[in-house]
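This is what each chain is made of:
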Amino acid sequence: MDKKKVLLISLRSPFLDSDRVYPPLGLLYLATYVGQSGHEVDIEDAFENPQEQIIKDYSDYDVIGVSIMTPQKEQAQKIINQLKNRETDKKQILVAGGPHAQFYTSELEEENWDYIVKGDGEKPLLDIIEGRATERIISSNLTQEEYNKLPVPNRIKFWNFLKKYTHTFGNDKRNATTFLSGKGCPMGCTFCENARTPIRQTPIEKAKKEFDEIQRLGFNAIYIIDDLFTISIDNVKPFAEELKKRDIIYKCNGHAKFMTPEFADLLADTGCVEVGFGVESGSQKILDNVNKQTTVEQCYEFVRLMNEREIRVKSFLMIGLPGETYETIEKTEKFIRESGTDDFQLTIYTPYKGTAIRDNLDKGCKEIDLVVEKEAFAHFRTKGKSESVVRTNALSSEQILQERNRIVEKYKPASHTKSREDPSFFNTSLK
Ligand code: B12
């Protein structure tokens, strides 16, 4: 089998305060998997400076894959147009992947992509590279067994790319990176694209190898970015204990439905310094409207359990969900005022395709009290700004935006006011 030269492109997010905080783990997984079969893989930013318009000379590569989130679709179009219009000696294969490919497939079909990959990209990408792919659109979902067999993501090999991403947290401002304890989510929230997707958990033995590399690279703080981590105490225990043994502090995402005092003790005892959780709304009516399967009381209790143990809490809240009124927004504001949350992020619901709400609205469902006025972009922006693309029977999109800005102005949460620290020099033990 010919060894191919493969380029994986990461797109920039100039609408964020800094897009150099969390590394694109999806590309790291793909590069490690494809590299294992002997192909020469590079990961690069298409644009070193997000304002740049012209991509570099990539004529050397046989296959170019681009990872796309919906707010990055224009950048992806720029790339595909330039690559398709360039003269090269060989036929380059151009592949689109990532969440945008999964949910906005028909838009990408209109463009010049040779392949569009939906879901887990590891096997389809290798099939494309090695000439086995037969369809233009390929879907893939790894089983737990296949997920177990994936190689440990090789942060050291791709360090030149990954080292652009770092942040710090903890009282002693530790160098931090991200880690994935699993994929998928069993919950059925109707605003989320990732709802009811199969769960695959990272085996602890593989996690240990990842932690070895992460520590070798000089990190001693980890943000566990997936939605799954704190759903089951039995699953969390081995990870949490391993992190404690290594003196790695961590942040993770939590869920009010599954939090108990025992669970909170485990987090506190093993070095968890911050938990983010999706409260969504302080109104039970709204939580029921979006099938959150959580009560407002459970959310207050969650914050209380964390406060008691001095774990910082960041609440993720949204307004502009189906059925929103001034009264329901007041309940969300009450939560901000009274729950004791240390920080919050207040965004306006952005109905991406692939969410049950958006898909049902597109099918003409009249029972959902929401109107999408224009196509979705990003739900939070640089310098705490936002926009509203939705309205409800009670509130116009302008009123939703005004309410969102009023609350952010009034409570000035760290998430919307402090700009990200961007350490320009990063000490690593790896030379
Ligand atoms: C962590 C995370 C973030 C982090 C880090 C993002 C990053 N640098 O990777 C932060 C906080 C920065 C973030 C920001 C945003 N995010 Co986000 N994020 C996630 C989250 C929770 C996990 C992503 C992840 O790492 N998964 C694990 C890796 C291994 O999987 P993966 O990235 O999906 O990659 C696999 C496949 O997608 C595929 N693949 C990916 N790229 C490619 C490329 C090719 C060529 C191929 C073949 C395959 C392929 O193969 C990969 C390996 O299996 C997901 C939800 C979820 N559970 O997936 C949302 C999610 C991706 N985010 C989402 C959104 C909306 C945003 C924001 C727009 C929010 C905002 N500001 O308004 C921003 C946009 C940032 C941007 N870059 O444009 C949406 C995307 C929706 C969409 N249609 O694009 C998701 C799906 C959440 C949701 N349920 O709605 N996000």
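Keep in mind that what you see is a predicted model, and the values were worked out from it rather than measured. (Residues numbered from 1 in each chain as written. Predicted model: local features only at pLDDT ≥ 70, side-chain atom pairs only at ≥ 80, totals over all residues. Heavy atoms only, no water.)

Caption draft 1: Highlighting the overall build of the chain. Scanning the chain from N- to C-terminus turns up 16 helices and 17 strands. The C-alpha radius of gyration of the chain comes to 22 Å, within 12% of the 22 Å expected for a compact globule of 431 residues. Seen along its three principal axes, the alpha-carbon backbone of the chain occupies a region of about 65 × 55 × 40 Å. Split into buried and exposed, the 431 residues of the chain put 54% on the buried side. At a minimum sequence separation of 6, the contacts of the chain that also span at least 24 residues come to 72%. Surface exposure of the chain reaches about 19200 Å², of which carbon and sulfur atoms provide 48%. A distance of 2 Å separates the average location of the 61 positive side-chain charges in the chain from that of its 68 negative side-chain charges. (Helix = DSSP H or I, 4+ residues; strand = E, 2+ residues; numbered from the N terminus. Rg over C-alpha atoms; globule rule 2.2 N^0.38 Å. Buried < 20%, exposed > 50% of the residue type's maximum accessible area, 1.4 Å probe, protein only. Contact = heavy atoms within 4.5 Å. Areas by Shrake-Rupley, 256 points an atom, 1.4 Å probe, with all protein chains shown as cover. Lys, Arg positive; Asp, Glu negative; His and termini not counted. Charge placed at Lys NZ, Arg CZ, Asp CG, Glu CD.)

Caption draft 2: View of the side chain of T230. Of note, T230 is situated in the loop between strand 11 (221-224) and helix 9 (233-245). The buried category is assigned to T230, whose relative accessible area is 0%. In this structure the side chain of T230 is engaged in a polar contact, spanning 2.6 Å, whose partner is the backbone oxygen of N253. Those residues in contact with T230 that lie beyond four places of it in its chain are V236, C252, N253, G254, H255, F258, F263 and L267. (Polar contact = N/O pair within 3.5 Å; in protein donor to acceptor, adjacent residues only side chain to side chain.)

Caption draft 3: Highlighting the pattern of salt bridges. One pass over the structure, following the stated rule, counts 36 salt bridges. Its salt-bridge partner being D247, residue R174 comes within 3.7 Å of it at the nearest N-O pair. Residue R174 is found in strand 8 (residues 174-179), and its partner D247 is found in the loop between helix 9 and strand 12 (249-254); the two are separated by 73 residues along the sequence. The residue K245 makes a salt bridge to E242 at a minimum N-O spacing of 3.3 Å. You can see K245 and its partner E242 sitting in helix 9, three residues apart, about one turn around the helix. Where salt bridges share partners, they join D265, E301, R304, E308 and R309 into one cluster. (Salt bridge = Lys/Arg side-chain N within 4 Å of Asp/Glu carboxyl O.)

Caption draft 4: Representation of empty space enclosed by the protein in the model. Counted according to the given criterion, the structure contains three cavities of 30 Å³ or more. Its boundaries defined by the atoms lining it, the largest cavity holds a volume of some 60 Å³. P23, L25, L28, R155, W159, L162, Y165, T177, T178, L217 and F219 together form the lining of the largest cavity. Contributing elements (two or more residues each) for the lining of the largest cavity: helix 1 (25-36), helix 7 (159-162) and strand 8. Here the residues of the lining of the largest cavity sort into eight nonpolar, two polar and one charged. Summarising the domain contributions, the lining of the largest cavity has at least three residues from each of domain 1 (5-149) and domain 2 (166-417). Of the pockets and cavities examined, the second largest cavity occupies roughly 40 Å³. (1 Å grid on protein atoms, 1.4 Å probe; cavity = no way out; pocket = protein on both sides within 12 Å on 5 of 7 lines; lining within 4 Å. Points joined across faces, edges and corners; volume = space filled by probe spheres on them. Nonpolar A, V, L, I, M, F, W, Y, C, P; charged D, E, K, R; others polar. Domains from an automatic or database assignment.)

Caption draft 5: Geometry of the pairing of strand 15 (residues 343-348). Summarising burial for strand 15: six of the six residues are buried, a large majority. Covered by surrounding structure in strand 15 are D343, Q345 and T347 together with F344, L346 and I348, the residues of both alternating faces. Inspection of the sheet shows strand 14 (residues 312-319) paired to strand 15 by six bridges, in the parallel sense. Bridged to K314 within strand 15 is D343. Read from strand 14 through helix 13 (residues 326-338) to strand 15, the crossover connection turns out right-handed. (Pairing = 2+ DSSP bridges. Right-handed = clockwise from strand over helix to strand, strands pointing away.)

Caption draft 6: Molecular detail of the state of the cysteines. All told, the structure shown has zero disulfides when counted by the stated rule. Here C252 is not disulfide-linked; the sulfur of C272 is the nearest cysteine sulfur, at 4.1 Å. (Disulfide = S-S within 2.5 Å.)

Caption draft 7: Spatial organisation of the domain arrangement of the chain. Each assigned domain of the chain is listed here: domain 1 (5-149) and domain 2 (166-417). Computed over C-alpha atoms only, the centres of domain 1 and domain 2 are separated by 27 Å. With 23 residues of domain 1 in contact, the opposing surface of domain 2 contributes 33 residues. Both faces combined, the contact of domain 1 with domain 2 buries some 2300 Å², and carbon together with sulfur accounts for 54% of it. Considering only the side of domain 1, the residues that lose the most area to domain 2 are F103, Y104 and Y147, jointly responsible for 26% of the buried surface there. Put simply, domain 1 and domain 2 have two salt bridges between them. D120 serves as the salt-bridge partner of R200, at 2.9 Å between the closest nitrogen and oxygen. Across the domain 1-domain 2 interface, the total number found is nine residue pairs in polar contact (both at pLDDT 80 or more). With four residues, helix 6 (residues 144-149) is the single largest residue contributor to the side of domain 1 that touches domain 2. Partitioned by chemical class, the residues of the side of domain 1 that touches domain 2 number 13 nonpolar, five polar and five charged. (Buried area = accessible area lost by both parts, 1.4 Å probe.)

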